[in-house]
Amino acid sequence: MSPAPWDVAALLPRGEAGGARIDHLVVLGLVAPGARVLDIGCGDGTLLALLRDRRGIDGRGIELSREGVNACLARGLPVIQGDADTDLENYPDDAFDVVVLSQTIQATRNPRIVLEHLLRIGRQVVISFPNFGHWRVRAELAFRGRMPVTELMPEAWYETQNIHHCTIRDFVGLCRTVGAEIEKATALNARGRPMRFAMPWWVWNVMGAQGVFLLSRGEPGDGAPR
């Protein structure tokens, strides 16, 4: 069985959610106030700014695109231009309390190496990603024979940055391979809402549009998803 999901609504004081994305609110609920946080692939800084404003974190960011870096700097965020595939080795062990990789691991060239660096750099790791095992993705391939285009994956196959089509079960297997302990996990449905009760991984793998995981260091395993 998978770890029990947590109630996102219970993570925040009444009225705090505002217009924030649900997956960002899940991440917000996993980060302690005042924590040292590195947000990798931080985009325009929306999540990092939310963590700064709601949790008072000591935050840093890495973003590949110059446009994203400029948007972060305009928000007053300390973000540098960098690449998760090449620059993480420059960070020392335990440099941060929490390392966040939101909707990015599937766009890296070497997800396993990236994850190993995350577990080395941070005491905890928060990762979210689109689930390519979702039933809509399966249906698009099965009945239309085409790579899917959805709200979470809006680009055509020849434009997308998603180069590793990871499912929730795939990611669970990777965690076991690299020795990552899954402290908490949840799947979000196509509307971005958490699936409210514990299920086997295979159910999350079919019904979940996104996965959100809180990880820490553990012992390497055989990588076989259950």
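In what follows, the structure referred to is the one given above.
Calculation notes
- Residues numbered from 1 in each chain as written.
- Predicted model: local features only at pLDDT ≥ 70, side-chain atom pairs only at ≥ 80, totals over all residues.
- Heavy atoms only, no water.
- Core = buried A, V, L, I, M, F, W, Y, C linked by side-chain atoms within 4.5 Å.
- Buried < 20%, exposed > 50% of the residue type's maximum accessible area, 1.4 Å probe, protein only.
- Helix = DSSP H or I, 4+ residues; strand = E, 2+ residues; numbered from the N terminus.
- Contact = heavy atoms within 4.5 Å.
- Phe/Tyr/Trp six-rings, centres within 6.5 Å; stacked < 30°, edge-to-face > 60°.
- 1 Å grid on protein atoms, 1.4 Å probe; cavity = no way out; pocket = protein on both sides within 12 Å on 5 of 7 lines; lining within 4 Å.
- Points joined across faces, edges and corners; volume = space filled by probe spheres on them.
- Nonpolar A, V, L, I, M, F, W, Y, C, P; charged D, E, K, R; others polar.
- Pairing = 2+ DSSP bridges.
- Axes fitted to C-alpha atoms, helices over the stretch in contact; angles between N-to-C directions.

Enquirer: Help me understand the nonpolar core in this model?
Expert: Note on soluble globular proteins: their nonpolar side chains tend to be buried together. Grouped together as the largest cluster of nonpolar side chains are 35 residues, with contacts concentrated most on I40, L115, L118, I127, F171, F213 and L215. Elements with a contribution of two residues or more to this core: β1 (36-40), β4 (96-102), α4 (111-121), β5 (122-130), α6 (168-178), β6 (180-188), α7 (201-207) and β7 (210-217). Broken down by element, this core gets its largest block of residues, six residues, from α6. Not counting residues within four places of it along the chain, the set of residues in contact with I40 comprises I62, A84, L88, V99, V100, L101, S102, T104 and L118.

Enquirer: Would you take a moment to explain the packing of aromatic side chains for this structure?
Expert: The geometry of an aromatic ring pair is captured by two quantities: the separation of the ring centres and the angle between the planes. A complete count under the given rule lists four aromatic pairs for this structure. With a centroid separation of 4.8 Å and 45° between ring planes, the pair formed by F129 and F171 is classed as tilted. Remark: F171 occurs in helix α6 and F129 occurs in strand β5; sequence separation between them is 42 residues. As far as the burial class goes, F129 and F171 line up, both buried.

Enquirer: Would you mind going over the layout of surface pockets with me for this structure?
Expert: As a volume, the largest pocket reaches approximately 1100 Å³. What lines the largest pocket is a set of 42 residues, among which G41, S102, Q103, T104 and Q161 lie closest to the centre. The set of elements that each furnish at least two residues to the lining of the largest pocket consists of α1 (22-30), β1, α2 (46-55) and β2 (58-63). The leading source of residues in the lining of the largest pocket is α1, at three residues. Broken down by class, the residue content of the lining of the largest pocket amounts to 13 nonpolar, 17 polar and twelve charged.

Enquirer: What's the story with the sheet that holds β4 in this structure? I'm lost.
Expert: Strand pairing in a sheet relies on backbone hydrogen bonds. The paired strands run either parallel or antiparallel. The strand order β3-β2-β1-β4-β5-β7-β6 describes an open sheet built from seven strands, whose pairing is mixed. Strands at the two margins of the open sheet, each flanked by one partner only, are β3 (79-81) and β6. Ignoring which end each strand starts from, the neighbouring axes of this sheet average 15° apart. Two strands pair when backbone bridges link them, and β1 and β2 are joined in this way by five bridges, in the parallel orientation. Opposite D39, over in β2, you have G61 as the bridge partner. Sheet contacts for α4: β1, β4, β5, β6 and β7; angle to β5, the most-contacted strand, approximately 145°.

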